[in-house]
Amino acid sequence: KIMVTGALGQIGSELIAKLQKEYGENNVLSTDIRQPQSSVSGPFEILDVTDGKKMHEIAKDFGADTIMHMAALLSATAEKQPLFAWNLNMGGLVNALEVARELNMQFFTPSSIGAFGPSTPKANTPQDTLQRPTTMYGVNKVAGELLCDYYYTRFGVDTRGVRFPGLISYVAQPGGGTTDYAVDIYYKAIEEGQYTSFIAEGTYMDMMYMPDALQAIVDLMEADPAKLVHRNAFNVTAMSFEPSEIAASIQKHIPDFTISYEVDPVRQAIADSWPDSIDPSAAVAEWGFKTKYDLDAMTADMLEQLRKKLNK
Ligand code: VAH
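Residues numbered from 1 in each chain as written. Predicted model: local features only at pLDDT ≥ 70, side-chain atom pairs only at ≥ 80, totals over all residues. Heavy atoms only, no water.

A. The arrangement of the side chain of threonine 178 in detail. Inspection of the secondary structure assignment puts threonine 178 in the loop between strand S10 (166–168) and helix H6 (181–191). A distance of 2.8 Å separates the side chain of threonine 178 from the side chain of serine 75, its partner in a polar contact. Each residue touching threonine 178, except ones within four places of it in the same chain, is listed here: Ser75, Ala76, Phe198, Ile199, Met205, Arg267, Ile270, Ala271 and Trp274. (Helix = DSSP H or I, 4+ residues; strand = E, 2+ residues; numbered from the N terminus. Polar contact = N/O pair within 3.5 Å; in protein donor to acceptor, adjacent residues only side chain to side chain. Contact = heavy atoms within 4.5 Å.)

B. Geometry of the packing of aromatic side chains. Counted by the stated rule, this structure contains seven aromatic pairs. Centre to centre, the rings of tyrosine 151 and phenylalanine 155 are 5.0 Å apart; their planes meet at 55°, and the pair counts as tilted. Linking tyrosine 151 with phenylalanine 155, this pair stays in helix H5 (residues 136–155), spanning four residues, or about one helical turn. Between tryptophan 287 and phenylalanine 289 the ring centres are 5.7 Å apart and the planes differ by 55°, which places this aromatic pair in the tilted class. Neither tryptophan 287 nor phenylalanine 289 differs from the other in exposure class; each is buried. In this structure, lysine 1 is placed above the aromatic ring of phenylalanine 62, and the distance from its NZ or CZ to the ring centre is 4.4 Å. Here the guanidinium or amino end of arginine 267 rests over the ring plane of phenylalanine 198, the centre of that ring lying 3.5 Å away. (Phe/Tyr/Trp six-rings, centres within 6.5 Å; stacked < 30°, edge-to-face > 60°. Buried < 20%, exposed > 50% of the residue type's maximum accessible area, 1.4 Å probe, protein only. Lys NZ or Arg CZ within 6 Å of the ring centre and 35° of its normal.)

C. Highlighting the site of the ligand. Surveying the vicinity of the ligand reveals the residues Leu74, Ser75, Ser112, Ile113, Tyr137, Phe164, Pro165, Gly166, Gly177, Thr178, Thr179 and Trp274. In the environment of the ligand, an oxygen atom lies 2.6 Å from a nitrogen or oxygen atom belonging to the side chain of serine 75. Residue threonine 179 places a side-chain N or O atom 3.0 Å away from a nitrogen atom belonging to the ligand. Against a free-state accessible area of 270 Å², the protein chains account for coverage of 95% of the ligand. Here the shell around the ligand is built from residues that sort into six nonpolar, six polar and no charged. (Near = heavy atom within 4 Å. Areas by Shrake-Rupley, 256 points an atom, 1.4 Å probe, with all protein chains shown as cover. Nonpolar A, V, L, I, M, F, W, Y, C, P; charged D, E, K, R; others polar.)

D. A look at the sheet that holds strand S8 (residues 159–160). Judged by pairing direction, the sheet is parallel, and its six strands sit side by side in the order S3-S2-S1-S4-S5-S8 without closing on themselves. Single-partner strands in this sheet number two, and they are strand S3 (44–46) and S8. Note: strand S1 (residues 2–5) against strand S4 (residues 66–69), four bridges, orientation parallel. Directly across from isoleucine 2, in S4, lies its bridge partner threonine 66. On top of the sheet, helix H4 (residues 82–102) reaches S4, strand S5 (106–108) and S8; it is set at about 175° to S4, its chief contact. Where helix H7 (residues 210–221) meets the sheet, it contacts S4, S5 and S8, and its direction lies at approximately 150° from that of S5. (Pairing = 2+ DSSP bridges. Axes fitted to C-alpha atoms, helices over the stretch in contact; angles between N-to-C directions.)

This is how it looks when you write it as structure tokens:
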């Protein structure tokens, strides 16, 4: 039985549906700080992850044996409110790890390519390398990786995590990320036939379509622990592209689509501090990580799904 925090977020909102399909609707408890607008299927509880006592009670009452901690502030938002980001991202994480320790639960939380910094090798970034991020979000992710490994080595909590690249999805829009241009562009392509990118042409970042991200979480959590050399957190990626390449992919479906650039210096600086492409070979070797969607397959599905969602 799985408890999810941040269930209404960009990953959480689709992770719930995936877990319900895999394990049954009543075996997945959604929690988030606010009531869902549209009805969420399956059990739901309001939870502010900075309230560790409430988190423990909810997990115990539900009889959860696994917690997937998805509640966090993303990179651009965290840069606007760094202290609040520290308190929420780290306070929520340590509460979730304590609940997992006290109730003997398996534990998942995502790290990010944001856990790397300007001094990290940018091409084919290794699984084990220098991590000196220059954003509060990145500091939270590196601290989080170390804390999750500590709970494994010190307390035996079965903690596992992946360093997600930018995730692209059509269900819930991401809130305050840097890679979000690659989500916005699809909405604007359908709504306006053009997109003004806040990330500069030529800025490569790792990306992944949400279905591949969700499958990676399930595959990692079901992996044979004896085969895991690493735990927090595995490099995973499906592709690396820069804005003009995703624009070209869209133009195969919408020939008149155009992209222009108005660079946002804050998010550009964040993007420039991250790798261009990371090496997922440890995830492939230790738990069979694989992806189904490349850029053109993602574009075809995103445009088809968004046309339905936007009634266009
Ligand atoms: C962000 N989408 O942009 C998130 C993620 C790697 C990107 O961390 O902050």
